[in-house]
Amino acid sequence: MTWNASKDNQDGLMRHPRDFEGWKEFDLLHPEFANDPRNVRLGLASDGFNPFGTMSTSYNIWPVVIIIYNRPPWECMKQTSFILSMIIPGKQMSGNEIDVYL
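The following refers to the structure shown. Everything numeric here is computed off the predicted structure, so don't read it as measured data.

Here we take up the layout of surface pockets. Within this model, the largest pocket holds a volume of roughly 210 Å³. Mapped onto the lining of the largest pocket, the elements with two or more residues apiece are α1 (3-6), α2 (21-29) and α3 (31-34).

This next bit is on the pattern of salt bridges. According to the stated counting rule, one finds 4 salt bridges in the structure shown. One salt bridge connects R18 with D19, and the closest N-O pair in it is separated by 2.8 Å. The exposure class assigned to R18 is buried, which follows from its relative accessible area of 11%. Classification of D19 as buried rests on a relative accessible area of 7%. In this structure, D27 and R41 form a salt bridge, with 2.5 Å as the shortest nitrogen-oxygen distance. Here the residue D27 occupies a position in helix α2, and R41 occupies one in the loop between α3 and β1 (42-46), the gap between them amounting to 14 residues. For D27, a relative accessible area of 23% puts it in the partly exposed group.

What follows concerns the nonpolar core. Grouped together as the largest cluster of nonpolar side chains are 5 residues: W23, V65, I67, Y69 and C76. For W23, the residues in contact, after removing those within four places along its chain, are N4, H16, P17, R18, R41 and Y69.

Here the focus is the sheet that holds β1. Taken together, the 3 strands give an open sheet; going across it, the order is β1-β2-β3, and neighbouring strands pair in antiparallel fashion. Pairing within the sheet leaves two strands with one partner each, and these edge strands are β1 and β3 (83-90). Sheet twist, expressed as the mean angle between neighbouring strand axes with direction ignored, is 15°. When β1 meets strand β2 (residues 60-68), the two strands line up antiparallel, connected through 5 bridges. Within β2, the position partnered with G43 by the bridge is I67.

Rules and cut-offs
- Residues numbered from 1 in each chain as written.
- Predicted model: local features only at pLDDT ≥ 70, side-chain atom pairs only at ≥ 80, totals over all residues.
- Heavy atoms only, no water.
- 1 Å grid on protein atoms, 1.4 Å probe; cavity = no way out; pocket = protein on both sides within 12 Å on 5 of 7 lines; lining within 4 Å.
- Points joined across faces, edges and corners; volume = space filled by probe spheres on them.
- Helix = DSSP H or I, 4+ residues; strand = E, 2+ residues; numbered from the N terminus.
- Salt bridge = Lys/Arg side-chain N within 4 Å of Asp/Glu carboxyl O.
- Buried < 20%, exposed > 50% of the residue type's maximum accessible area, 1.4 Å probe, protein only.
- Core = buried A, V, L, I, M, F, W, Y, C linked by side-chain atoms within 4.5 Å.
- Contact = heavy atoms within 4.5 Å.
- Pairing = 2+ DSSP bridges.
- Axes fitted to C-alpha atoms, helices over the stretch in contact; angles between N-to-C directions.

This is the structure:
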C-alpha cells in the first residue's frame, strides 16, 4: 500500500494518478494525511448505461466503482482491483443527485 510514496517518477510521464498536479496539490493542502503513505487514496467512477440495449427505453443503470490508488498502475487499473460499491437503477440518470446515494 506504499507504492505511491516509495517509487519516483523518473521520466516525467503521467502513468499513475500520483503523477498529476491534483495529487501533489492535495498533499500540500493536507500534509498530515500525506505524511503517512499507508493512508488509502480512493478514486470514484460512475457511468450510466441502458441495460436493454435499445434507446427507446428510458431506464438506466449507474454502477459506482471505487479504485484504490495506493497500488501500482499495473495492479490498480485491472478489473480485479475495482470495487463495485453500488448500482443506482432508475428511469433517468441521477446527475447532481448522486450525492444522495453516496
